[in-house]
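# Summary of the model geometry
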Amino acid sequence: QVQLVESGGGLVQPGGSLTLSCAPSEEMTGVLNVGWFRQAPGKERDFVARISSGGKTTYADSVTGRFVISRGTAENTATLQMNSLKPEDTAVYFCQIQQWSWTRGGTEHWGQGTQVTVSS
């Protein structure tokens, strides 16, 4: 059973930066996309950023120009560099990996979430 390990969350001042990382507990095959979602208290879980197996990136409008998603040397790992952080960025951030196989089709894996708090 694959587990997604998230790290890098914490407390940061407005205007500061923070980097989140996501990595599976074991090697994975057929990884299509690695992405990040976030959920603030009392709100829905929203899309933040995604990077495909080919390196194509997609960002939510709210983070475009401030956040950068990239892949590590392992295809199924990713980092989210968050810059110019605002209080409204405060949320629990979740890593997602989308996987494809001919026998199982498409599957999604989620991390447990890491807290990011932007406050002075």
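Worth saying up front: this structure is predicted, and the values here are computed from it rather than measured.

The rules behind each value
Residues numbered from 1 in each chain as written. Predicted model: local features only at pLDDT ≥ 70, side-chain atom pairs only at ≥ 80, totals over all residues. Heavy atoms only, no water. Helix = DSSP H or I, 4+ residues; strand = E, 2+ residues; numbered from the N terminus. Rg over C-alpha atoms; globule rule 2.2 N^0.38 Å. Buried < 20%, exposed > 50% of the residue type's maximum accessible area, 1.4 Å probe, protein only. Areas by Shrake-Rupley, 256 points an atom, 1.4 Å probe, with all protein chains shown as cover. Lys, Arg positive; Asp, Glu negative; His and termini not counted. Charge placed at Lys NZ, Arg CZ, Asp CG, Glu CD. Salt bridge = Lys/Arg side-chain N within 4 Å of Asp/Glu carboxyl O. Core = buried A, V, L, I, M, F, W, Y, C linked by side-chain atoms within 4.5 Å. Contact = heavy atoms within 4.5 Å. Pairing = 2+ DSSP bridges.

When helices and strands are counted, the protein shows 0 helices and 11 strands. Taken from the N to the C terminus, the helices and strands of the protein come in the order β-β-β-β-β-β-β-β-β-β-β. For the protein, the C-alpha radius of gyration of 14 Å lies close to 14 Å, the compact-globule estimate for 120 residues. Dimensions of the protein along its principal axes, counting C-alpha atoms only, are 50 × 25 × 25 Å. Counting all 120 residues of the protein, 41% fall into the buried class. Total accessible area on the protein stands at roughly 6,600 Å², and carbon and sulfur atoms take up 49% of it. Measuring between centres, the 9 positive side-chain charges of the protein sit 4 Å from its 10 negative side-chain charges.

A separate point is the pattern of salt bridges. A complete count under the given rule lists 2 salt bridges for this structure. Among the ionic pairs, R38 bridges to D89, the shortest N-O distance being 2.9 Å. Of this pair, R38 sits in strand β4 (residues 31-39) while D89 sits in the loop between β8 (78-82) and β9 (91-101); the two residues are 51 residues apart in sequence, bridging distant segments of the chain. Across the pair D89 and R66 runs a salt bridge, and its minimum N-O distance is 2.8 Å. Placement of the pair is D89 in the loop between β8 and β9 and R66 in the loop between β6 (57-59) and β7 (67-71), with a sequence separation of 23 residues. Each member of the pair, D89 as well as R66, carries the same accessibility label: buried. When salt bridges with common partners are traced through the structure, they connect R38, R66 and D89 into a single cluster.

Attention now moves to the nonpolar core. Judged by nonpolar contacts, the single largest core of 27 residues is most densely connected at W36, V48, F67, L80, M82 and Y93. Considering every element that reaches this core, the biggest residue donor is β9, with 4 residues. Apart from residues no more than four positions distant in its own chain, F67 is found in contact with R38, V48, Y59, L80, Q81, M82, N83, L85, D89 and Y93.

Moving on to unusual backbone geometry. A positive phi angle, near 50 degrees, is found at S84, a position not held by glycine. Note that S84 resides in the loop between β8 and β9.

This part covers the pairing of strand β11 (residues 114-118). In β11, alternate side chains face the same way, and those of T114, V116 and V118 are buried while those of Q115 and T117 on the opposite face are not. With 3 bridges joining them, strand β2 (residues 10-12) and β11 adopt parallel strand pairing. The residue bridging V12 from the neighbouring strand is V118, located in β11. Two strands pair when backbone bridges link them, and β9 and β11 are joined in this way by 3 bridges, in the antiparallel orientation. Pairing of A91 across the sheet is with V116, part of β11.

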